[in-house]
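A closer look at the structure
Here is how the chains run, residue by residue.
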Amino acid sequence: MFVWALLMRKKEDVRKRFEEHAEEIQQLARMSFYENILSTLIEKGELKPGENVLDAGSGPGWLAIKAARRVGENGKVFGIDITPGMLKRAIHNASAEGVSRICEFREGSALEIPFSNETFDLVLSNFMLHALSEDEKQVAISEFYRVLKPYGRAVVCDVVPSEDAEETLAEWSKRFPAVERGIVRHIAGHLREWNLTSSGKLLGMFGLAGFKAIERIEEPEKIPPLLCIVKAAKQ
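Here's a quick rundown of the structure. (Residues numbered from 1 in each chain as written. Predicted model: local features only at pLDDT ≥ 70, side-chain atom pairs only at ≥ 80, totals over all residues. Heavy atoms only, no water.)

Turning our eyes to something else, we now look at unusual backbone geometry. With a phi angle near 50°, Glu46 is a residue other than glycine that sits in the positive phi range. For Glu46, the position within the fold is in the loop between helix 3 (32-45) and strand 1 (52-56). The phi torsion at Glu118 lies on the positive side, around 55°, for a residue other than glycine. Along the chain, Glu118 falls in the loop between strand 3 (103-107) and strand 4 (120-126). (Helix = DSSP H or I, 4+ residues; strand = E, 2+ residues; numbered from the N terminus.)

Shown next as structure tokens:
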């Protein structure tokens, strides 16, 4: 069974399930529809050379690696994850991609980010919030705010609920190779098992945390219709 369908709220169970399916996530991150998502997050993050970036829930590290290429030798990217197996893959991937001097990974939870206040120019997060309860989502988003510098940005992507999720994703995924369509359908079939929060409520959580200039990014040609990308600023 695909890993995201197995996620539960307890930290130890989440860690165990990610460990069991780490290789599947490693392979997923190389598929074209996922590459589109990562590229959009990087584009909307508006990274500049020399900036400091956090990837919360970094998994195998592909988003952090893309960010590292943007910030360059004078910048720094940190990825945090609760799963040792994911961290091991992320470290390997960063080394293989030639960005290990810029990109560092360490164990840590979005519920208690292991960095000081006002450390980062940008916080990124991709497919992490759905593993949390609604109360935990608010804690994590507040943590994003805490570790951002004044005028820092957050760009976050996650899944939102839909009554016709399977049909919507099946139609959208026709543009991709058959193997990817199968994975998309498999994910859609398990949406009800995730801790999904509506896009409106998710945007509201950013407001409660103190963020301003909050917007939902929609690019239907690149991003599946059941995903919500939120961009917000700390002012």
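If you look at the biggest cluster of nonpolar residues, it comprises 34 residues, and the most contacted ones within it are Ile37, Val53, Val77, Cys103 and Leu124. Those elements that provide at least two residues to this core are helix 3, helix 4 (62-71), helix 5 (84-96), strand 3, strand 4, strand 5 (148-159) and strand 7 (227-233). The element contributing the most residues to this core is helix 4, with 7 residues. Excluding its chain neighbours within four sequence positions, the residues that come into contact with Val53 are Leu47, Ala67, Val71, Lys76, Val77, Phe78, Phe120, Leu122 and Leu124. Phe120, Leu132, Ile141 and Val160 belong to the second-largest nonpolar core, a separate cluster that totals 29 residues. (Core = buried A, V, L, I, M, F, W, Y, C linked by side-chain atoms within 4.5 Å. Buried < 20%, exposed > 50% of the residue type's maximum accessible area, 1.4 Å probe, protein only. Contact = heavy atoms within 4.5 Å.)

Another point: the packing of helix 3 against helix 4. Orientation of helix 3 relative to helix 4, taken along the N-to-C sense of each, is 40°, at an axis distance of 10 Å. In this view, helix 3 runs oblique relative to helix 4, as classed from their interaxial angle. Viewed along their axes, helix 3 and helix 4 form a crossing whose handedness is right-handed. Across the interface between the two elements, Glu35, Leu38, Ser39, Leu41 and Ile42 of helix 3 pack against Trp62, Leu63, Lys66, Ala67 and Arg70 of helix 4. Residue classes in the contact of helix 3 with helix 4 are distributed as 6 nonpolar, 1 polar and 3 charged. (Axes fitted to C-alpha atoms, helices over the stretch in contact; angles between N-to-C directions. Parallel < 35°, antiparallel > 145°, perpendicular 65-115°, else oblique. Left-handed = near helix turned anticlockwise from the far one by under 90°. Nonpolar A, V, L, I, M, F, W, Y, C, P; charged D, E, K, R; others polar.)

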